[in-house]
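Chain by chain, the residues:
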Amino acid sequence: MNYSDIFKTSINKLKIEGRYRHFNEIERKVGEHPNASWITNSKKNDVIIWCSNDYLGMSQNKLVINSMINSIKKMGTGSGGTRNISGNSSSIVHLENEIANLHSKEKAIVFSSGYVANESTISTLLNLLKDVVVFSDEKNHASIISGIKKSKASKEIFKHNDLNHLEALIKKYPEKKPKVIIFESIYSMDGDFGDISGISKIAKKYKALTYLDEVHAVGMYGNKGSGVTEELGLQNSIDIIQGTLGKAFGTMGGYIASSNVICDAIRSYASGFIFTTALPPALLSAARTSICYLKKSDKERKLQQKNTITLKTYLKKENINFMDNKSHIVPIMVNNPVRCKEISNILLNEFKHYIQPINYPTVPVGTERLRITPGPFHTEKMISDLTIALKYAFKKTEKDNYSKIA
Ligand SMILES: *Cc1c(COP(=O)(O)O)cnc(C)c1O
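Report follows, based on the coordinates. On a predicted model such as this, the values are computed, not experimentally measured, just so you know.

## Considerations on empty space enclosed by the protein
At step 1: Per the counting criterion, the structure on display carries two cavities of 30 Å³ or more.
At step 2: Computed from the structure, the largest cavity encloses a volume of approximately 80 Å³.
At step 3: Forming the boundary of the largest cavity are R83, I92, V110, F111, S112, G272, F273, T276, T277, A278 and L279.
At step 4: Of all elements in the fold, only β4 (107–111) and α10 (271–274) reach the threshold of two or more residues within the lining of the largest cavity.
At step 5: Split into classes, the residues belonging to the lining of the largest cavity amount to six nonpolar, four polar and one charged.
At step 6: In this structure, the second largest cavity spans a volume of roughly 40 Å³.
At step 7: Forming the boundary of the second largest cavity are H33, P34, I49, S52, D54, Y55, T373, P374, G375 and H378.

This is how it looks when you write it as structure tokens:
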């Protein structure tokens, strides 16, 4: 048995399909976001990052940084244990109170990441509900799909944001059968909004629980930055809100916010919550500082939104094809994995604009794209330079024959 041949064949398959992942080494610089260094052949090059999920640059916010440093000086680096065995720091208790307040829920619980929050909560929730059926939007994130797969629940996948399809599926089931609907408020790769109002009406009619991933919206939407539900005044119509501390809040970790009884049940049964070391106090203090800051300051959100509009205006002027959604995510469609990588390489090597290509399985085959997330600190000059570079890269790759792969 030649084990390494098996692995090599799997890797080669990705290379042939043009979706072998290359990780760029990036060194970020405090106070200079979105400027950073890209390290290649042991050389440092100045680049501009256009694909960061540190949407508002909060990972370089002075208050957030100081909060982390002070907390380390006071309490050290690690939490020292699981939540149950000595790792339940006051930082995590305070943060959970802050998150519950942010989402106007009774309680919140924090996980190691947004991925873990989804996977553990969903699998545990579905198993606790026993004879349950789960209704999941077809565009839901990998962590949601994994949580559903880990459970024993029967599942129905509804067409993306399609209320008629959802209702057709849900009404097949008896009223007594437990039901959960899982969807997202902003879909990460298309940047479109889930129909929170429509879906929660269906949930009410058929007595289903609702689970909403607000990962891309927390910090970004609503007056206090608590997400799209806040912006629409729909916080009460969602039973479980899930979020991350790793994107707009600029730190790391994930959470759910819900009723006391649901949080208590998940806390008590979710193995991904129980059997792992609690996040370090410094990270949690920094996350709390970031949340508190963005509750009061909407300067970053406003600038971010302005820059998104500016970018879209420039792209339209130059006829560059993008998905014109209403969110902060600007997907530039290339629709071929090899060309997408090529354009990304040209942008980086010739213009020092860093945008990672997005391939299958993150997006469907044939919809490969460059996902741009303009931040508050990109300037109009940067945006106009990027547009010119994009135009050039599209033109340069126009005549190449990519049809074999597409
Ligand atoms: C990034 C992401 C997650 C996972 O959050 P992390 O904190 O990065 O683990 C969950 N859901 C969606 C939609 C995401 O894009």
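## Details of the nonpolar core
At step 1: Ranked by size, the top nonpolar core spans 50 residues in total, and within it I99 and I181 carry the most contacts.
At step 2: Those elements giving two or more residues to this core turn out to be α3 (90–102), β4, β5 (133–137), α6 (163–170), β7 (179–184), α7 (196–205), β10 (254–258) and α11 (281–296).
At step 3: Examining the composition of this core, we find that seven residues originate from one element, α11, more than from any other.
At step 4: Setting aside anything within four residues of it in sequence, one finds I181 in contact with F135, F158, L166, I170, I199, A203, A208, L209, T210 and Y211.

## As for the pattern of salt bridges
Where charged atoms from two side chains of opposite charge approach closely, those side chains can pair.
At step 1: For the structure shown, the criterion picks out 23 salt bridges.
At step 2: The salt bridge partner of R28 is D54, with a shortest N-O separation of 2.7 Å. In this pair, R28 sits in strand β1 (residues 25–28) while D54 sits in the loop between β3 (43–49) and α2 (62–75), placing the two residues 26 residues apart along the sequence.
At step 3: On the basis of relative accessibility, which here comes to 35%, the residue R28 falls in the partly exposed class.
At step 4: D385 is the salt-bridge partner of K381, the closest N and O atoms lying 2.8 Å from each other. Remark: D385 and K381 occur in helix α14 (residues 380–396); sequence separation between them is four residues, near one turn of the helix.

## So, the sheet that holds strand β11 (residues 330–333)
At step 1: With antiparallel pairing, the three strands of this open sheet are ordered in space as β11-β14-β13. Each of the sheet's edge strands pairs with one partner strand only, and the pair in question is β11 and β13 (357–358).
At step 2: Across the sheet, helix α13 (residues 337–351) is in contact with β13 and β14 (369–372); its angle to β14 comes to roughly 45 degrees.

So, how was this worked out
- Residues numbered from 1 in each chain as written.
- Predicted model: local features only at pLDDT ≥ 70, side-chain atom pairs only at ≥ 80, totals over all residues.
- Heavy atoms only, no water.
- 1 Å grid on protein atoms, 1.4 Å probe; cavity = no way out; pocket = protein on both sides within 12 Å on 5 of 7 lines; lining within 4 Å.
- Points joined across faces, edges and corners; volume = space filled by probe spheres on them.
- Helix = DSSP H or I, 4+ residues; strand = E, 2+ residues; numbered from the N terminus.
- Nonpolar A, V, L, I, M, F, W, Y, C, P; charged D, E, K, R; others polar.
- Core = buried A, V, L, I, M, F, W, Y, C linked by side-chain atoms within 4.5 Å.
- Buried < 20%, exposed > 50% of the residue type's maximum accessible area, 1.4 Å probe, protein only.
- Contact = heavy atoms within 4.5 Å.
- Salt bridge = Lys/Arg side-chain N within 4 Å of Asp/Glu carboxyl O.
- Pairing = 2+ DSSP bridges.
- Axes fitted to C-alpha atoms, helices over the stretch in contact; angles between N-to-C directions.

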